[in-house]
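# Observations on the model geometry
What follows is each chain in one-letter form.
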Amino acid sequence: MPSPATLTRLALDWPALLAFYDRARRVLPWRAGPGETADPYRVWLSEIMLQQTTVAAVIPYFTRFTQRFPTLESLAAAPESEVLQLWAGLGYYARARNLHRAARMIAAADGFPRTPAALRHLPGIGAYSAAAIAAIAFGVPTLAVDGNVARVLARLFAITTPLPQALAEIADAAETLAAAPAFRARPGDATQALFDLGAGVCVKAAPRCPECPLRAGCRAERLGIAAQLPHRAAKPPRPERFGAQFWLTDASGAVLLRRRPARGLLAGMVELPGTAWREGAPWAEAEALAAAPIAAKWRKLGAVRHVFTHFALSLDVYAGSVAAFSAAALGGFARPVAALADEALPSVMRKCVRLAAAARPA
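Predicted model only: the values in this text are computed from it and were never measured. (Residues numbered from 1 in each chain as written. Predicted model: local features only at pLDDT ≥ 70, side-chain atom pairs only at ≥ 80, totals over all residues. Heavy atoms only, no water.)

## Some thoughts on the pattern of salt bridges
Taken as a whole and judged by the stated rule, the model has 15 salt bridges. A salt bridge links R208 to E211, with the shortest nitrogen-to-oxygen separation between them at 2.8 Å. Residue E211 is classed as partly exposed on the basis of its relative accessible area, which comes to 43%. Overlapping salt bridges, with partners in common, bring together D22, R25, R186 and D189 in one network. (Salt bridge = Lys/Arg side-chain N within 4 Å of Asp/Glu carboxyl O. Buried < 20%, exposed > 50% of the residue type's maximum accessible area, 1.4 Å probe, protein only.)

As structure tokens, then:
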């Protein structure tokens, strides 16, 4: 970790970075334009959606979400099932549930908390999100460190400690840099300028150093190691889990669905009925069919694979049909195939549905 003496020597050319931002800022649907005041609701919503998700993936979801819920009050008044439905496919579904809970808390309090410490009392908001929202929405002089900012600072100061161990050094550097008068004058713009620099210039594999407004002060570029930083410690292998899901239809073409438990992975989302997801070995066909929701002539359609943060999942998909079934007796509910797009199906279940729908007889 840098010593206090080292920290006092850290510097970032904020005026040059802000000039870069003023001429080349990204136009994003949640971002205030020049001279506009940031909307705390849109800033907060975007920061939650952007957690572990790319800007390109978030934009269409943000657009649909704000069309349906243009204000915090409209989001707070909505049922959770509708929020999850609009979130389906964006992943990390605890974010949607926490977003909904937080909206109700903010609406009940009659306004957003404005400081990082107060924002962290809201569900789903950690240190980074609290700092970003406070700086961008309320002009609080705190520097949020996301992956882009961490990369910029690691290169600017040639921090060679591997990630994640280097994050403490980077956080200390950020705190020192945020004390600069030029940062304090425009903390929201300065924070977003670093976001844009990391996203478009100081990129991972091939940094575009000649275009960088901070090039003159970049130690890694001077040492010729910019492309190698930040170092990242090797990750352990991702565990593998296995399961089976069942596509059961009746004579009308309705499909059996069920809702996952209110707690745990993909809580409250909709799924095809299936086995548990276990580590170790795939489910043998006879073993899987013993867990089928009903006796039927099942056929194996194939398998889908999905990667979560902490494990990879392989699911065998089986299809079967009966003349009729009681969805309630089977612990679920039925929907026409054409209506599945409107259900809160997580991405892994949408993969199963696509496989099953593609295998249906013409």
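From this point, the narrative continues.
## Considerations on the state of the cysteines
Disulfides are covalent bonds that connect the sulfur atoms of two cysteines. Scanning the model with the defined rule gives zero disulfides in all. C212 takes part in no disulfide bond, and the closest cysteine sulfur to it belongs to C202, at a distance of 6.1 Å. (Disulfide = S-S within 2.5 Å.)

## What about the packing of helix α9 (residues 127-138) against helix α13 (residues 187-200)?
Across the interface, α9 lies against α13 with an axial gap of 7 Å and an inter-helix angle of 125°. Taken together, the axis directions place α9 and α13 in an arrangement best described as oblique. Side by side, α9 and α13 meet where Y128, A135 and I136 of the first sit next to P187, G188, T191, Q192 and F195 of the second. Split by residue class, the contact of α9 with α13 holds five nonpolar, three polar and no charged. (Axes fitted to C-alpha atoms, helices over the stretch in contact; angles between N-to-C directions. Helix = DSSP H or I, 4+ residues; strand = E, 2+ residues; numbered from the N terminus. Parallel < 35°, antiparallel > 145°, perpendicular 65-115°, else oblique. Contact = heavy atoms within 4.5 Å. Nonpolar A, V, L, I, M, F, W, Y, C, P; charged D, E, K, R; others polar.)

## Re the packing of helix α6 (residues 80-87) against helix α7 (residues 94-109)
In the contact formed by α6 and α7, the axes pass within 9 Å of each other and the chain directions differ by 140°. Between α6 and α7, the crossing angle belongs to the class labelled oblique. Handedness of the α6/α7 crossing: right-handed. Facing E80, V83, L84 and W87 of α6, the residues of α7 in contact are R95, A96, R97, L99 and H100. (Left-handed = near helix turned anticlockwise from the far one by under 90°.)

## Here's the deal with the packing of aromatic side chains
By the definition in use, this model includes eleven aromatic pairs. Here the aromatic rings of F65 and F69 are separated by 5.1 Å at their centres, their planes lie at 65°, and the arrangement is edge-to-face. By relative accessible area, which is 1% here, F65 ends up buried. The exposure class assigned to F69 is buried, which follows from its relative accessible area of 0%. A ring pair is formed by F246 and Y318, whose centres lie 5.7 Å apart and whose planes are at 25°; its orientation type is stacked. Placement of the pair is F246 in strand β1 (residues 240-249) and Y318 in strand β6 (residues 312-321), with a sequence separation of 72 residues. A single burial state applies to F246 and to Y318, both of which are buried. Each residue in the set Y41, W44 and F112 is aromatic and connected to the rest through ring pairs, giving one cluster. Over the ring of Y61 we find R64, and its NZ or CZ is 4.7 Å from the ring centre. (Phe/Tyr/Trp six-rings, centres within 6.5 Å; stacked < 30°, edge-to-face > 60°. Lys NZ or Arg CZ within 6 Å of the ring centre and 35° of its normal.)

## As for the nonpolar core
Looking at soluble globular proteins, one finds that nonpolar side chains tend to be buried together. By size, the foremost hydrophobic cluster in this structure holds 103 residues, and its most contacted members are W44 and F65. Residue contacts for F65: discarding those within four places in its chain leaves Y41, L45, M49, L75, V83, L86, W87 and L99. One finds L256, A292, W298 and F325 within the second-largest nonpolar core, a separate group that totals 13 residues. (Core = buried A, V, L, I, M, F, W, Y, C linked by side-chain atoms within 4.5 Å.)

## Notes on helix α16 (residues 347-359)
Here α16 contains 13 residues, and its C-alpha end-to-end distance of 19 Å stays within 8% of the 18 Å for a straight helix at 1.5 Å per residue. Those residues of α16 that sit buried are V348, M349, R350, C352, V353 and A356. Residues of α16 that are buried make contact with β1, β3 (270-271), β5 (299-307) and β6. (Expected span 1.5 Å × (residues − 1).)

## Here's the deal with a positive patch on the surface
A grouping of K204, R232, K235 and R238 is seen on the molecular surface, where their side chains present a positively charged patch. Assignment of secondary structure puts R238 in the loop between α14 (219-223) and β1. A residue is classified by how much of its surface remains accessible, and R238, at 42% relative accessible area, is partly exposed. (Patch = residues over 30% accessible without salt bridge, like charges linked within 9 Å, V, L, I, M, F, W, Y side chains within 5 Å. Areas by Shrake-Rupley, 256 points an atom, 1.4 Å probe, with all protein chains shown as cover. Lys, Arg positive; Asp, Glu negative; His and termini not counted. Charge placed at Lys NZ, Arg CZ, Asp CG, Glu CD.)

## Section: the side chain of T275
For T275, the position within the fold is in the loop between β3 and β4 (278-279). Assessed through its relative accessible area of 7%, T275 is described here as buried. Leave out the neighbours within four places in its chain, and T275 touches G243, A244, Q245, F246, W283, A288 and A291.

## Re the confidence of the model for the chain
Predicted confidence across the chain gives a mean pLDDT of 93, with 97% of residues reaching 70 or more. Note on residues 1-8: pLDDT under 50 across the span, and eight contacts to partners over four residues away in sequence or across chains. (pLDDT = per-residue confidence, 0-100.)

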